[in-house]
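Secondary and tertiary structure notes
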Amino acid sequence: MATESMKNNDSLRTATVTVLHDYVGCRTFEVPSSVSVASIKELIYPETGFPVAEQCLYHKGRELSDSVEVGDLQTSQNHVFLNLLSKGLKGGGRFGQTTPPLVDFLKDILRRYPEGGQILKELIQNAEDAGATEVKFLYDETQYGTESLWSKDMAQYQGPALYVFNNAVFTPEDWHGIQEIARSRKKDDPLKVGRFGIGFNSVYHITDVPSIFSGDQIGMLDPHQTLFGPHESGQCWNLKDDIKEINELTDQFKPFVGVFGSTKETFNTGHFPGTFFRFPLRQQPSQLSSNLYNKEKVLELFESFRADADTVLLFLKSVQDVSLHVREADGTERLIFRVTASENKALKHERPNSIKILGNAVSQYCKSVPSNSITCVTYHINIVLEDECVKDAQKTSWLVCNSVGGRGICNELDSLADDLKYIPTIGIAMSLSSDGEGKGAAAQFSGRAFCFLPLPPGEESKTGLPVHVSGFFGLTDNRRSIKWRELDQWRDPAALWNELLVANVVPKAYATLVLEAIKRMETEKNSDFPLSAERIYRLWPQKNKTKVHWQPIIEPLLNELFQNEVIYSITDNWIKVEEVYFSEMDENLEYTQAVLNYLQGSGKEVAKVPDNIANAVDLIVSSTKPVKKVTPGTVRQVLRQSGHKGPADEKLHVLDFVLSDGNYSELIGLELLPLQNGNFISFSSSTSDQDAIYITSESFPRSLFPGLDGRLLADDLKPQVLAALKDAAKSRE
């Protein structure tokens, strides 16, 4: 009798059967457990047009006979997945291309987009798009109740989860957009950063059922389409309209209370003033992914994000605070890591005002308002890292120049902008970290490419420039690197756009940053990170170190810089390149300081520059006009114009230098010839005996010429000066 009753119960049980086929996608049926495979084939026929006789159904790789009952294949989840093989259609019937099943589509995304810290960056990007200022990541170990759930299948998603909060509320477009995974709603809005990212879909590396709580709605996504009914890939509840059901499903909604300021009162008022996502960790393999997550893997994710956390906020306009937290099973919560961006108090309006100007320039560009100039704004930003493992917070400071190209600077760029829905924006950032510990550190600075957020570290994101560069770049599919026009993508419009953007907008923004740094060197002497000429010189790129795709910026950048006062003289003035005498003199030589003092005293500006600046001068300036250098010849010229009214010892040092190139014919007329009586007379071209000056020697000592000190060369000269003067005398013969 009991057996009979069990059979009756079996026949009352239902099962969800999903049939998968490469071409027609998936079909899901709700059937009694007692239904046979033959009956499933009958259901498939009207759905697909595949004749029953030509269908083969497989379960876990094994072909099923027609007599097998669905109940024999059921698991505790009551969901059976079958694969269909069919020869397809003969003659007339259904025909056409189909989209892959949702799960297959997402699997393809996950294959192409590696997991890691990039997932967290994508979520920061979504927050930036929404205009949020704050983002929090929380790993929550809490195990929530499993009694009052939508269905018992939801129990596995009540355990540990990764939460992500931002303080902006979803718009109706956001709710709509998150459901359209194949069509980014951001694509037509060039102001949205996230249009580049795979954004939300990268979270399927971690979870099978992402949830969203924002404003007055809670939504749950189910790409497997098994939790909320056949063909249903999610469910949404409104805090006002569905409050009765929410109150009945207490355990189901418990994970949304007690985090990020959400309370029971939030549910009563029907509004949460922000957004948070809940990603229950995948605890067992699913059709979507066999990638399982636990606490250790989430902390690894946090760790990989931390690697470039000091620059993650550098080029963002909205988000200024990102933190990583852990909540243990007992409810204790701790901050692991936090990064914040802020302005110096004295400059607190600078960044907001700059962002306003940029926003206006972007708006003008989108409205196709003609402008032949590039809008550039520069501001100071401090980034502070707080780490639970490090006692003191680490602070870095940056000078950032952001720019927007104008309509008309490059017609091809404008045309591509309209086609691709891109905007020609570029940001350049220089590090202002302290000189103390870091002369070596600063020399090691390795510039990277950003697309608003840093691209993954590695060779492809290195630029070889001494600054970070961010741009509205066209990226490869997996958002890991910038597209360039290699042979295989020579006609790729996004790759061409990148080249035009680099050549047309980067040089102007880069030059503006250098010139602004020069200006601020004077005005910000008392800041935590004062600027110096040495640091500003380090901003200049070197062609031999710059990666090939970035080399087109160098000549236009240097041409722009050399139109300005960019050379720092030894009298602490910034001057133009044509006004300066460049010194390559060895500072250890005795005469060097005297020569430089003499030139300065004669009203000449002298500068000693590092190799990268000297190379830039040679590359750009030497080709069009002579560059003045401190040589014996130039000093002889100045002596001829100005004479030398300094003390005797300085004159002797200058004489030593002007003799050093052996060009004795240019000495004529220079009042630098030292006599035994302490006077200096001019080198003369006269050959008469009465103008001759005599050099004493062992054979003809000074004692032989009493009273003739005014006709004798000083005999206490340095050996090299005496030797040179003797050579000069011989050259006269």
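Residues numbered from 1 in each chain as written. Predicted model: local features only at pLDDT ≥ 70, side-chain atom pairs only at ≥ 80, totals over all residues. Heavy atoms only, no water.

Turning our attention to the overall build of the protein. Within the protein, the secondary structure is distributed over 21 helices and 25 strands. Residues classed as buried in the protein amount to 49% of the 733 residues present. Total accessible area on the protein stands at roughly 35000 Å², and carbon and sulfur atoms take up 49% of it. (Helix = DSSP H or I, 4+ residues; strand = E, 2+ residues; numbered from the N terminus. Buried < 20%, exposed > 50% of the residue type's maximum accessible area, 1.4 Å probe, protein only. Areas by Shrake-Rupley, 256 points an atom, 1.4 Å probe, with all protein chains shown as cover.)

Attention now goes to the packing of helix H4 (residues 117-129) against helix H9 (residues 295-306). Two numbers describe how H4 lies on H9: the axes approach to 7 Å, and their chain directions differ by 70 degrees. In terms of their interaxial angle, H4 and H9 are classed as roughly perpendicular. Side by side, H4 and H9 meet where Gly117, Ile119, Leu120, Lys121 and Ile124 of the first sit next to Leu301, Phe302, Ser304 and Phe305 of the second. Looking at side-chain class alone, the contact of H4 with H9 contains six nonpolar, two polar and one charged residues. (Axes fitted to C-alpha atoms, helices over the stretch in contact; angles between N-to-C directions. Parallel < 35°, antiparallel > 145°, perpendicular 65-115°, else oblique. Contact = heavy atoms within 4.5 Å. Nonpolar A, V, L, I, M, F, W, Y, C, P; charged D, E, K, R; others polar.)

Within this structure, the stated rule accounts for 31 aromatic pairs. Where Trp237 meets Phe253, the ring centres are 5.1 Å apart and the plane angle is 85 degrees; that geometry is what we call edge-to-face. A residue pair is termed long-range when its members are at least 10 positions apart, and Trp237 in strand E10 (residues 234-238) and Phe253 in helix H7 (residues 250-253) qualify at 16 residues. An aromatic cluster of three or more residues is present, and its members are Trp150, Tyr163, Phe165, Phe213, Phe228, Trp237, Phe253, Phe256, Phe260, Phe267, Phe272 and Phe276. The aromatic ring of Tyr293 is capped on one face by Lys297, whose charged end is 4.7 Å from the ring centroid. Between Arg407 and the ring centre of Tyr365, over which it is positioned, the NZ or CZ distance is 4.1 Å. (Phe/Tyr/Trp six-rings, centres within 6.5 Å; stacked < 30°, edge-to-face > 60°. Lys NZ or Arg CZ within 6 Å of the ring centre and 35° of its normal.)

Moving on, we come to the nonpolar core. The biggest cluster of nonpolar side chains holds 135 residues, and the ones touching the most others in it are Ile124, Phe137, Leu162, Trp540, Phe562 and Ile567. Counting residues per element, this core draws most heavily on helix H14 (residues 506-523), at nine residues. When neighbours within four sequence positions are excluded, Ile124 is seen to be in contact with Val135, Phe137, Phe305, Val312, Leu316, Val319, Val322 and Leu453. Core analysis: the next-biggest nonpolar cluster, separate from the first, contains 30 residues, Tyr591, Leu599, Phe657 and Leu659 among them. (Core = buried A, V, L, I, M, F, W, Y, C linked by side-chain atoms within 4.5 Å.)

Enumeration according to the criterion identifies 36 salt bridges in this entry. In this structure, Lys462 engages Glu459 in a salt bridge whose closest nitrogen and oxygen atoms are separated by 3.0 Å. Relative accessible area serves as the criterion here: at 34%, Lys462 is assigned to the partly exposed category. Its salt-bridge partner being Glu666, residue Arg636 comes within 2.9 Å of it at the nearest N-O pair. With Arg636 in helix H19 (residues 632-642) and Glu666 in the loop between helix H20 (648-659) and strand E24 (671-674), this pair connects stretches of sequence that are 30 residues apart. A relative accessible area of 32% places Glu666 in the partly exposed class. (Salt bridge = Lys/Arg side-chain N within 4 Å of Asp/Glu carboxyl O.)

Taking 1.5 Å per residue as the helical rise, helix H2 (residues 37-48) with its 12 residues ought to reach 16 Å, and the 16 Å between its terminal C-alpha atoms agrees with that figure. For H2, the complete set of buried residues consists of Val37, Ile40, Lys41, Ile44 and Thr48. Viewed end-on, H2 has its buried residues packed into an arc of 100 degrees, placing them on one side of the element. A positive backbone phi angle near 80 degrees is found at Gly49, which sits one or two residues after H2. (Expected span 1.5 Å × (residues − 1). Arc of directions from axis to C-beta.)

Taken across its 13 residues, strand E14 (residues 375-387) has 10 buried, putting it largely inside the fold. Alignment of strand E13 (residues 333-342) against E14, held across six bridges, turns out to be antiparallel. Bridging across to E14, Arg338 finds its partner in Glu386. As paired elements, E14 and strand E15 (residues 394-404) share 11 bridges and run antiparallel to each other. Each residue of the ladder has a partner; that of Cys376, found in E15, is Ser403. If you look at the hairpin formed by E14 and E15, you'll find six residues sitting between the two strands. (Pairing = 2+ DSSP bridges.)

Take the packing of helix H17 (residues 592-601) against H20 next. Two elements in contact, H17 and H20, have axes whose closest approach is 8 Å; the angle formed by their N-to-C orientations is 100 degrees. Viewed along their axes, H17 and H20 adopt a mutual orientation that is roughly perpendicular. Residues Ala594, Val595, Asn597 and Tyr598 of H17 form the contact with H20, whose own contacting residues are Glu650, His653, Val654 and Phe657.

Here we come to the environment of His205. Position of His205 relative to the elements: it lies in the loop between helix H5 (172-177) and strand E8 (211-215). Non-local contacts of His205, meaning those with residues more than four positions away in its chain, are made with Leu110, Tyr113, Pro114, Glu115, Ile119, Arg282, Asn291 and Tyr293.

Let's shift gears to the side chain of Arg407. Within the secondary structure layout, Arg407 lies in the loop between E15 and helix H11 (411-420). Polar contacts involving the side chain of Arg407 include one to the main-chain carbonyl oxygen of Tyr365, which spans 3.0 Å. Here Arg407 is in contact with Tyr365, Ser368, Val369, Pro370, Ser371, Asn372, Asp414 and Asp418, once residues within four sequence places are set aside. (Polar contact = N/O pair within 3.5 Å; in protein donor to acceptor, adjacent residues only side chain to side chain.)

Another point: the side chain of Thr512. Along the polypeptide, Thr512 turns up in helix H14. Given a relative accessible area of 18%, Thr512 falls into the buried group. Residues in contact with Thr512, not counting those within four places in the same chain, are Cys376, Thr378 and Cys401.

Checked against the element boundaries, Ala341 lands in strand E13. Given the relative accessible area of 7%, Ala341 is considered buried. Once the C-alpha coordinates of Ala341 and Asp310 are considered, the two residues, 31 residues apart in sequence, prove to be 9.5 Å apart. In this view, Ala341 contacts Leu313, Gln320, Ile381, Asn382 and Ile383; residues no more than four positions away in its chain are not counted.

A few words on unusual backbone geometry. Positive phi is not limited to glycine here, since Gln225 has a value of about 55 degrees. Topologically, Gln225 is positioned in the loop between strand E9 (217-221) and E10. A residue is classified by how much of its surface remains accessible, and Gln225, at 15% relative accessible area, is buried. The backbone phi angle of Phe260 is positive, close to 50 degrees, even though this residue is not glycine. Positionally, Phe260 belongs in the loop between H7 and helix H8 (264-269).

Let us now look at the pairing of E8. E8 sits mainly inside the fold: five of its five residues count as buried. Two strands pair when backbone bridges link them, and E8 and E9 are joined in this way by four bridges, in the antiparallel orientation. Opposite Ile212, over in E9, you have Gly219 as the bridge partner. Of the pairings in the sheet, the one linking E8 to strand E11 (residues 272-280) comprises five bridges and is antiparallel in character. Bridge pairing in E11 places Ser214 opposite Thr275.

Across the protein, the average pLDDT comes to 86, with 88% of residues at 70 or higher. Considering only residues more than four positions removed or in separate chains, one finds that residues 1-11, a stretch of pLDDT under 50, has three contacts. Ignoring residues within four places in sequence, the model shows residues 193-197, a span with pLDDT below 50, making 27 contacts including any to other chains. (pLDDT = per-residue confidence, 0-100.)

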